Every structure is written in structure tokens, then in C-alpha cells.
Amino acid sequence: MKTIVLNSRPKGKPTSSDFKCITEDIELTLQKGEILLEAAYVSVDPYLRGRMSDAKSYIPPFELHRPIQSGVVAKVIASKNVVFEVGDFVSGMLDWKTKQVSIGAGLLKVDASKAPLSTYLGILGMTGLTAYLGLNKIGKPKAGETLVVSGAAGAVGSVVGQIAKILGLHVIGIAGTDEKIDMLKDKFGFDAGINYKTSKNIKEDIAKAAPNGVDIYFDNVGGPISDAVLFNINRFARIVVCGAISVYNNTELPKSISVQPFLVKNSALMQGFIVSNYVDEFPEAMQHLSGWLAEGKLTYTETIVDGFENIPNAFIDLFDGKNKGKMVVKI
Ligand code: NDP
């Protein structure tokens with residue numbers, strides 16, 4: 001049995017030495033009510049970086065030398081729990097372990113015959129829900145409006161843009177390679193894309209791509225990209241602050257423009273979003289996501305890395321943009 005623990009709190013960008021893979025030769029036995037799980041797919045997510053630091057946040061930090069947790073799809077390989085049968089697949093927050101014992105609390109059964117198991121960590125999981133709920137609850141999209149999404153070729157961003165297209169918006173995505181920009185337009189139906197790494201002037205490129213201005217900005221990255229969008233927002237614009245990956249590894253406070261003048265002169269709304277605040281709305285959101293997926297209106301891409309030991313590197317690679325769509329590790 002293998003476990004990955006947090007070996008040290010990353011300083012700046014995480015490195016492989018911040019993680020340690022421990023192999024133990026122990027037999028896991030079950031008490032009444034428990035199930036034995038074998039990991040099938042492990043999700044790596046930018047937000048885990050926050051939990052690796054000990055700063056106060058909306059969820060407690062990971063403890064040093066203890067297993068890291070994230071979304072995991074696992075197979076029930078033994079059961080003393082009436083709810084779960086051997087052969088069931090479940091999804092939930094679990095330890096980075098090849099095998100573990102659980103009482104089943106917080107685990108959802110997932111159906112391998114309805115969708116590939118990895119999708120329950122992506123489009124039919126936390127990142128799909130984030131896209132749907134962040135866009136609808138804070139973005140409040142209306143047909144004919146213009147939406148800009150940063151981190152557009154990632155798990156959340158690629159779904160935000162597609163949902164906005166379904167709802168009749170003009171959609172512009174910002175991402176870090178030309179290949180990703182082509183994917184946004186060709187595979188996901190975005191109207192335009194901007195490569196922030198090669199753009200000479202992002203502010204002007206956004207203005208060109210959004211001749212009517214920006215009504216909704218779905219922000220996954222923060223930093224200078226988001227500053228450039230602010231120069232282009234319309235009156236009553238909505239800014240969904242979903243994430244800020246460009247600053248997660250900062251060791252000093254970032255230099256940023258002051259957002260207040262932009263918000264005041266445009267009567268704009270800027271609101272932080274945390275998907276777990278909307279648990280009651282997950283079933284309805286999931287109905288829309290799975291319905292659009294079945295109808296072929298929504299699609300997805302995944303970057304699947306093989307091997308339990310590669311979980312830390314897959315996580316680190318998120319900060320270099322190595323993924324297209326959802327990054328998951330197949331065990
Ligand atoms: P992604 O799949 O988008 O992966 C991260 C992507 O971020 C990379 O592929 C990379 O793409 C981009 N990136 C990395 N570094 C930078 C940088 N310095 N500047 C700009 N872009 C960068 O991850 P997710 O879709 O899972 O998450 C997207 C955002 O949403 C994150 O900020 C995450 O924390 C947040 N989130 C928030 C949730 C909430 O409830 N609030 C829930 C889920 C996610 P590129 O090649 O384009 O640079």
C-alpha cells in the first residue's frame with residue numbers, strides 16, 4: 001500500500017521534495033460499517049496549493065507528514081457496510097493512498113456504465129459544478145452578452161466557455177499556448193482566444209475580441225491578466241472571482257492595480273466564489289451538465305497521467321500549464 005504525504009510546506013512553486021511516497025506492507029482489516037477502497041483516479045487541483053500552506057483559509061491546511069487529500073474515484077474491494085457492495089465505484093474527498101478504509105461518509109456512488117470514471121472528477125464532478133454554478137450564480141449570463149474567461153483551456157474554464165455558448169453569449173478565452181487557443185475555438189466553440197504568453201498587449205487584444213465590451217469576467221487566474229480585463233468591462237459587469245492561480249505560488253504580495261475605480265465607474269459586481277457554498281444546488285447543476293453532455297452540446301478534454309507516484313508531478317505541472325482540460329492521475 002502506498003501513501004503520499006506532505007513532506008514540507010512549499011515555498012513558491014511546489015517541488016517534488018515537498019511530497020513523499022511511503023510504501024507500507026500492512027493488511028487493512030474492516031470493522032462493521034467500513035469499506036475497503038482501491039483508488040482508480042485521483043484529481044489534482046490548483047486549490048490544493050492553498051492547503052499546503054498554513055495560512056488561514058476556508059478549509060484547514062494539510063498537516064505535515066500526513067496524507068494529502070483530494071477528489072478520488074475509488075473501487076469498493078471489500079465491504080462491511082450495507083450501503084456499498086464490492087465492485088461499486090465511489091467518488092469523494094479521500095487520502096492520496098492506493099488503498100484505504102472508509103466508513104463511506106461523504107462518498108457518492110458513481111456509475112461507470114454512464115460515463116468514464118475520470119469524468120466524475122471533472123466535467124461531472126467538482127470542476128464542472130464550479131463552472132456551472134460560478135457562471136450562473138454570480139455571472140448571471142444573458143444571451144447576447146460578452147464573456148471573458150481566463151484559464152480558459154483548463155478544467156473549469158473550458159466548461160465555463162461552453163456553457164456560455166449554450167446560453168447564447170459571445171465567448172473569449174485566455175490561455176497560455178496557441179494549441180490551447182485552437183482547441184478553444186475548434187473543439188469548444190469559443191468565438192475568440194488570446195494567448196497571454198505571446199500577446200503584446202492583452203488589454204488591446206481583449207478590446208479587439210470584445211468590440212461591445214465585457215459583461216462577465218470569469219476569473220481563474222488573477223494578476224495582470226485580470227487587470228487587463230478590468231479595463232474592458234461594461235456597466236453592470238459581473239466578475240466571478242473563482243481562482244487566482246497566477247499568485248498561488250507568490251512569496252510576496254503581488255503588485256496589482258486598484259480594482260475599485262473600475263468597479264465604481266461601471267457599477268460592476270466582483271464576488272468571490274467557492275463551489276462548496278452551493279451544495280444544495282449540486283443535483284440541479286449536475287442534471288444540466290449531464291443532460292448537455294448526453295445531447296452533445298457540452299464536451300470535455302482530460303490530461304490523464306499514469307501512476308500513483310506521479311500524483312505530485314501532475315499537481316506541479318498545473319502551474320506550468322501542462323494540462324488541457326482536467327488533470328487526473330490514473331492509478
Ligand atoms: P486548470 O485545469 O485550469 O489548470 C490550471 C491552469 O492554469 C494551467 O493549465 C495553466 O494554463 C493556467 N496557469 C498556470 N499558471 C498560470 C499563470 N501564472 N497565469 C495564468 N494562467 C496560469 O485548473 P482548474 O480548472 O481546476 O482551476 C482553475 C481555477 O479555478 C484555479 O484558480 C482554481 O484554484 C479555481 N477553482 C476554484 C474553485 C472554487 O470553488 N472557487 C473550484 C475549482 C477550481 P495556461 O497554459 O493557460 O497557462
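- Looking at an unreviewed UniProt entry, one finds the protein named NADP-dependent oxidoreductase and attributed to Psychroserpens burtonensis.

Points about the overall build of the protein
And step 1. Scanning the protein from N- to C-terminus turns up nine helices and 15 strands.
And step 2. What you see for the protein is a C-alpha radius of gyration of 20 Å, in line with the 20 Å of a compact globule of 331 residues.
And step 3. In terms of principal-axis extent, the alpha carbons of the protein reach across some 65 × 45 × 35 Å.
And step 4. The buried share of the protein, reckoned over its 331 residues, is 43%.
And step 5. Across the protein, contacts joining residues at least 24 apart in sequence account for 65% of those joining residues at least 6 apart.

A short note on the packing of helix H5 (residues 202–209) against helix H6 (residues 223–230)
And step 1. Viewed as axis vectors pointing N to C, H5 and H6 meet at an angle of 45°, and their least axial separation amounts to 8 Å. Relative to H6, H5 is oriented oblique. Between H5 and H6 lies a crossing whose hand is right-handed. Seen from H5, the contacting residues are Ile-202, Lys-203 and Ile-206; seen from H6, they are Ile-225, Ala-228 and Val-229.
And step 2. Its residues placed into classes, the contact of H5 with H6 shows five nonpolar, no polar and one charged.

Details of the UniProt feature "domain: Enoyl reductase (ER)" (unreviewed entry) in the protein
And step 1. Taking the numbering used here, the UniProt-annotated feature "domain: Enoyl reductase (ER)" (unreviewed entry) corresponds to residues 12–329.
And step 2. Helix and strand shares over residues 12–329 are 26% and 26% respectively, and the end C-alpha atoms of the span are 23 Å apart.

Some words on the nonpolar core
And step 1. Residues Val-42, Val-148 and Ile-206 are the most contacted members of the largest nonpolar core, which totals 91 residues.
And step 2. At seven residues, strand S3 (residues 35–43) tops the list of elements feeding residues into this core.
And step 3. Of the domains in this structure, domain 1 (2–122 + 301–330) and domain 2 (126–276) are the two that each give at least three residues to this core.
And step 4. In this structure Ile-206 touches Val-148, Ile-172, Ile-194, Val-214, Ala-228, Val-229 and Asn-232, once residues within four positions along its chain are discounted.

Focus: the environment of Pro-283
And step 1. Relative to the helices and strands, Pro-283 resides in helix H8 (residues 282–295).
And step 2. The exposure class of Pro-283 is exposed, given the 8 C-beta atoms found within 10 Å.
And step 3. When the C-alpha atoms of Pro-283 and Val-328 are compared, they prove to be 23 Å apart, with 45 residues separating the residues in sequence.

Regarding the packing of helix H2 (residues 126–139) against helix H3 (residues 155–166)
And step 1. Contact geometry of H2 with H3 gives a least axis separation of 8 Å together with a crossing angle of 45°. As far as their axial angle goes, H3 and H2 are oblique. In terms of crossing hand, the pair formed by H2 and H3 is right-handed. Across the interface between the two elements, Thr-127, Gly-128, Thr-130, Ala-131, Tyr-132 and Leu-135 of H2 pack against Ala-155, Val-156, Val-159, Val-160, Ile-163 and Ala-164 of H3.
And step 2. Considering only residue class, the contact of H2 with H3 consists of nine nonpolar, three polar and no charged.

Considerations on the sheet that holds strand S8 (residues 146–150)
And step 1. Taken in spatial order, the six strands make up an open sheet running S10-S9-S8-S11-S12-S13, and their pairing is parallel. Since the sheet does not close on itself, it has two edges, and those belong to strand S10 (192–195) and strand S13 (269–272), each with one partner. When the angles between neighbouring strand axes are averaged without regard to direction, this sheet yields 15°.
And step 2. Pairing between S8 and strand S11 (residues 214–219): three bridges, direction parallel. Paired with Leu-147 across the strands is Ile-216, a residue of S11.

Focus on H3
And step 1. Between its first and last C-alpha, H3 extends 17 Å over 12 residues, near the 16 Å set by a 1.5 Å rise per residue.
And step 2. Taken together, the buried positions of H3 are occupied by Ala-155, Val-156, Gly-157, Ser-158, Val-159, Val-160, Gly-161, Gln-162, Ile-163 and Ala-164.
And step 3. Lining the buried residues of H3 we find H2, S8, strand S9 (170–175), helix H4 (178–186), S11 and strand S15 (326–330).
And step 4. After H3 finishes, the residue Gly-168 shows a positive phi value of roughly 90°.

Some remarks on the site of the ligand
And step 1. Around the ligand, a shell composed of 31 residues is seen, among which Gly-154, Val-156, Gly-176, Gly-243 and Gly-321 lie nearest.
And step 2. Going through the elements one at a time, H2 and H3 are the ones with two or more residues in the shell around the ligand.
And step 3. At three residues, H3 tops the list of elements feeding residues into the shell around the ligand.
And step 4. Its residues assigned to classes, the shell around the ligand shows 17 nonpolar, 12 polar and two charged.
And step 5. Domain assignment of the residues forming the shell around the ligand places at least three in each of domain 1 (2–122 + 301–330) and domain 2 (126–276).

Cut-off values and rules
- Residues numbered from 1 in each chain as written.
- Predicted model: local features only at pLDDT ≥ 70, side-chain atom pairs only at ≥ 80, totals over all residues.
- Helix = DSSP H or I, 4+ residues; strand = E, 2+ residues; numbered from the N terminus.
- Rg over C-alpha atoms; globule rule 2.2 N^0.38 Å.
- Buried ≥ 20, exposed ≤ 12 C-beta atoms within 10 Å, placed from the backbone.
- Contact = placed C-beta atoms within 7 Å.
- Axes fitted to C-alpha atoms, helices over the stretch in contact; angles between N-to-C directions.
- Parallel < 35°, antiparallel > 145°, perpendicular 65-115°, else oblique.
- Left-handed = near helix turned anticlockwise from the far one by under 90°.
- Nonpolar A, V, L, I, M, F, W, Y, C, P; charged D, E, K, R; others polar.
- UniProt positions renumbered as here; feature names shortened; annotations may be inferred.
- Core = buried A, V, L, I, M, F, W, Y, C linked by C-beta atoms within 7 Å.
- Domains from an automatic or database assignment.
- Pairing = 2+ DSSP bridges.
- Expected span 1.5 Å × (residues − 1).
- Near = placed C-beta within 6 Å.

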